[in-house]
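Residue-level listing of the chains:
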Amino acid sequence: MVKRAVIGLIGVALAASACVGPSRTDADYTSKALHTVDVVRSSLQTVQLAIDVIDHGGGYRPYLSRLIGNVEDDANAAVNSFEVVQPPSTTADGVRSELGDAVDPGIDVLSAARIAIRRSDPDAVVALEPDLHAALDQLDRFEASVG
Amino acid sequence: MKRVLSIFLGILTAIGGFVDIGDIVANAEAGARFKWGLAWVVVIGVLGIVLFAEMSGRVAAVSGRATFDLVRERLGPRLALANLGASFFVTFLTLIAEIAGVALALELATSVNYLLWIPLVGFGVWLVIWRLPFEALERIFGLLGLALVVFAVAAFHLAPDWGDIVHQATHPGVPHGEGIPTYWYFAIGLFGAAMTPYEVFFFSSGAVEEAWSEEDLGTNKANVFIGFPLGGLLSLSLMTVAAVVLNPLDVSADHLSQAALPAVVSLGKVGLAFVLMGFFAATFGAALETGLSAGYTVAQYFGWQWGKLVAPRDAARFHTVVLASVLVAVVVGLTSVDPIKVTEYSIVFSAVALPLTYLPILVVANDPTYMGDRVNGRLANGLGSVYLVVILVAAAAAIPLMIATKGGA
């Protein structure tokens, strides 16, 4: 009996800590949007650090390939998780649409960086730096408008 | 001279073997999100593991018996069985995390997906446990784990403002944008990572494997009082480089690749080579320790013959438990469950299970029947009692905080 209760408690704890919950208010929905922006920003800044490493001659392709692949997956997962959350109002519809516009350039940069590094073309990753900065600016603008 | 060399090697092994996947993930994440605001937890965690590892080593050296052997005797079969269930579950979860950690380190070195590495890593872990003598497997991976000193070198090379670090570490607070529950959730994770129960099972069983006697109490003290705190400095180095490089850019450390990044930014390819070697050795060594600990706990509870000093045919049930644990861990790892999430859960559940491990050690270390005149002194008992309260609070708060913060998201 006790054993079952403990196993049940562990199961509930794991499930409850892993779920993306629904949003009942605009404030909660906006907070989830801002969290998504944080994840995409973290991914883009990671690629910026990878560019710095390549610039200083420290690039090792297998490592950089996994690094960029990992953060691209994170960004895509965050955006996909947000997209399945039901907007609670028409105001939230606006946030949803704005977020899409804000994160899309970043997602494109991450994909381009992953493709370039897997083609063993680190120079192409470095060449993405202006687009990367533009994508970060876009995230900042979104944050300023809804934050 | 031979004894001095042996003690020196033991200390180096303790330093290199101190860090495992839980420490790597927890310290890098904490540094990236809270800078040095949680450094105090590492200090408390290291002091705690020093205190209880010394006790368990002393108990093993004086009584000739390992922790779980005594747990059953002191708690009785029913309560000890519940203890075994919880301790084995946490150790097994940690084993999954360590095997996946080795596979992730190999993925970073080769770009081959970690899922393809997991069966090979599982086989390698079993083979090393099966073939290598106890002292060799402990020493080799402990010494190779010293490659993680690269994080300390990177920390100095990055030339941070040390005054600011000391100020933040001594004036901890919750940074802007982070919630108080999240801060405490990470604090418990760091505490659980430093005081993982398997470390004590392995340490005390290892003392029995190496036939420690009262003459070895000096070696016990040297390993614990010098090796573990220096190992703790490696944890703080991981936190420091993440705080210096990742935090200012709002970069999280959700992957092993990101935990490695500050050292690569600082030291380039050479730094990366050491990081990958260190990650591999730390996680492989810990996979050996958790695999063996799974066998130790079960065999010691049931009173089976155990250990690597006896021929495998004489400890068949012990080796079967080790093999089955590694096999099941490989199968779970292959389900593509997120290894970093498994690591995070393993350190939080470690915190939940801590009282089950540390209360019996404190009780036995005070029992003259086992310890003669080597029972705990006043300082050890005072600190042990304070730690028991801390451990109970951490254990009670861990799961509610995990749910409230959605696993620290």
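Look up: the structure comes first, before these words.
What counts, and where the lines are drawn
Residues numbered from 1 in each chain as written. Chains lettered and ligands numbered in written order. Predicted model: local features only at pLDDT ≥ 70, side-chain atom pairs only at ≥ 80, totals over all residues. Heavy atoms only, no water. Helix = DSSP H or I, 4+ residues; strand = E, 2+ residues; numbered from the N terminus. Rg over C-alpha atoms; globule rule 2.2 N^0.38 Å. Contact = heavy atoms within 4.5 Å. Areas by Shrake-Rupley, 256 points an atom, 1.4 Å probe, with all protein chains shown as cover. Lys, Arg positive; Asp, Glu negative; His and termini not counted. Charge placed at Lys NZ, Arg CZ, Asp CG, Glu CD. Buried area = accessible area lost by both parts, 1.4 Å probe. Salt bridge = Lys/Arg side-chain N within 4 Å of Asp/Glu carboxyl O. Polar contact = N/O pair within 3.5 Å; in protein donor to acceptor, adjacent residues only side chain to side chain. Phe/Tyr/Trp six-rings, centres within 6.5 Å; stacked < 30°, edge-to-face > 60°. Buried < 20%, exposed > 50% of the residue type's maximum accessible area, 1.4 Å probe, protein only. Expected span 1.5 Å × (residues − 1). Patch = residues over 30% accessible without salt bridge, like charges linked within 9 Å, V, L, I, M, F, W, Y side chains within 5 Å. Axes fitted to C-alpha atoms, helices over the stretch in contact; angles between N-to-C directions. Parallel < 35°, antiparallel > 145°, perpendicular 65-115°, else oblique. Left-handed = near helix turned anticlockwise from the far one by under 90°. Nonpolar A, V, L, I, M, F, W, Y, C, P; charged D, E, K, R; others polar.

*Asks:* So what exactly am I meant to see when it comes to the overall build of chain B here?
*Replies:* Scanning chain B from terminus to terminus reveals 17 helices and zero strands. The C-alpha atoms of chain B give a radius of gyration of 20 Å, which matches the 22 Å a tight globule of 409 residues would have. Projected onto its principal axes, the C-alpha coordinates of chain B cover approximately 55 × 50 × 45 Å. Expressed as a percentage of contacts within chain B between residues at least 6 apart in sequence, the contacts between residues at least 24 apart total 84%. When the accessible surface of chain B is totalled, it reaches about 15100 Å², and 69% of it is carbon and sulfur. Across chain B, the mean location of the 20 positive side-chain charges is 6 Å away from that of the 27 negative side-chain charges.

*Asks:* What am I meant to see in the interface of chain B and chain A here?
*Replies:* The figure often quoted for interface size is the accessible area lost as the parts come together. Across the boundary between the two partners, chain B contributes 30 residues, which contact 26 residues of chain A. Taken together, the two surfaces of chain B and chain A that pack against each other cover about 2600 Å², and 66% of this comes from carbon and sulfur. The partner of Arg66(A) in a salt bridge is Glu107(B), and the shortest N-O contact between them spans 3.4 Å. One can count nine residue pairs in polar contact (both at pLDDT 80 or more) joining chain B with chain A.

*Asks:* Any chance you could explain the packing of aromatic side chains here in plain terms?
*Replies:* A ring pair, where both rings are aromatic, is described by two values, the distance of the centres and the angle of the planes. Residue and element names in this part refer to chain B. The full count for this structure, using the stated rule, is 24 aromatic pairs over all chains. Measuring from ring centre to ring centre gives 5.5 Å for Phe68 and Phe201, while their planes differ by 70 degrees; the resulting arrangement is edge-to-face. Of the two residues, Phe68 sits in helix H4 (residues 67-75) while Phe201 sits in helix H11 (residues 197-209), which places them 133 residues apart along the sequence. Assessed through its relative accessible area of 1%, Phe68 is described here as buried. On the basis of an interplanar angle of 90 degrees and a centroid distance of 6.0 Å, the ring pair of Tyr185 and Phe186 is categorised as edge-to-face. Here the aromatic cluster, defined as three or more aromatic residues joined through ring pairs, consists of Phe34, Trp40, Tyr183, Trp184, Tyr185 and Phe186.

*Asks:* Please explain H11(B) as it appears in this structure.
*Replies:* Side chains three or four residues apart in an α-helix point the same way, a direct result of the helix having 3.6 residues per turn. All names here are of chain B. Along its 13 residues, H11 runs 18 Å from first to last C-alpha, staying within 8% of the 18 Å computed at 1.5 Å per residue. With 12 of its 13 residues buried, H11 lies for the most part within the structure. Once H11 ends, the next one or two residues include Ala211, with phi positive near 55 degrees.

*Asks:* How should a nonpolar patch on the surface be read in this particular structure?
*Replies:* A contiguous nonpolar patch, built from Phe225(B), Ile226(B), Leu230(B) and Leu233(B) and spanning about 340 Å² of accessible area, is present on the exposed surface. Along the chain, Ile226(B) turns up in helix H12 (residues 217-246).

*Asks:* Could you clarify how one ought to interpret the packing of helix H3 (residues 39-63) of chain B against H11(B) in this entry?
*Replies:* When two helices pack together, their arrangement is given by the angle between the helix axes and the distance between those axes. All names here are of chain B. Taken N-terminus to C-terminus, the directions of H3 and H11 make an angle of 30 degrees; their axes are 8 Å apart at the nearest point. Put simply, H3 runs roughly parallel to H11. Read as a crossing pair, H3 and H11 show a hand that is right-handed. Only Glu199, Val200, Phe203, Ser204, Ala207 and Val208 of H11 make contact with H3, whose side of the interface consists of Ile49, Ala53, Ser56, Gly57 and Ala60. The class makeup of the residues in the contact of H3 with H11 is seven nonpolar, three polar and one charged.

*Asks:* Before we go on, may I ask you to explain the pattern of salt bridges in this structure?
*Replies:* Close approach of charged atoms allows side chains of opposite charge to pair. Residue and element names in this part refer to chain A. For the structure on display, the rule yields 14 salt bridges over all chains. Taking the shortest distance from any N to any O, the salt bridge between Lys32 and Asp28 comes out at 2.8 Å. Taken together, the residues Lys32 and Asp28, both in helix H2 (residues 26-55) and four residues apart, mark about one turn of the helix. The exposure class of Lys32 is buried, given its relative accessible area of 19%. Taken together, the salt bridges that share partners define one network made up of Asp38, Arg41, Asp140 and Glu143.

*Asks:* What is the right way to look at the packing of helix H3 (residues 61-83) of chain A against helix H5 (residues 77-110) of chain B in this model?
*Replies:* Look at H3(A) against H5(B): their axes get within 5 Å of each other, and the N-to-C directions meet at 120 degrees. Here H3(A) is positioned oblique relative to H5(B), judged by the angle of their axes. Counting all contacts with H3(A), which are made through Pro62(A), Tyr63(A) and Arg66(A), the residues of H5(B) involved are Glu107(B), Leu108(B), Ala109(B) and Thr110(B). Split by residue class, the contact of H3(A) with H5(B) holds four nonpolar, one polar and two charged.

The analysis is restricted to geometry; functional conclusions fall outside its scope.
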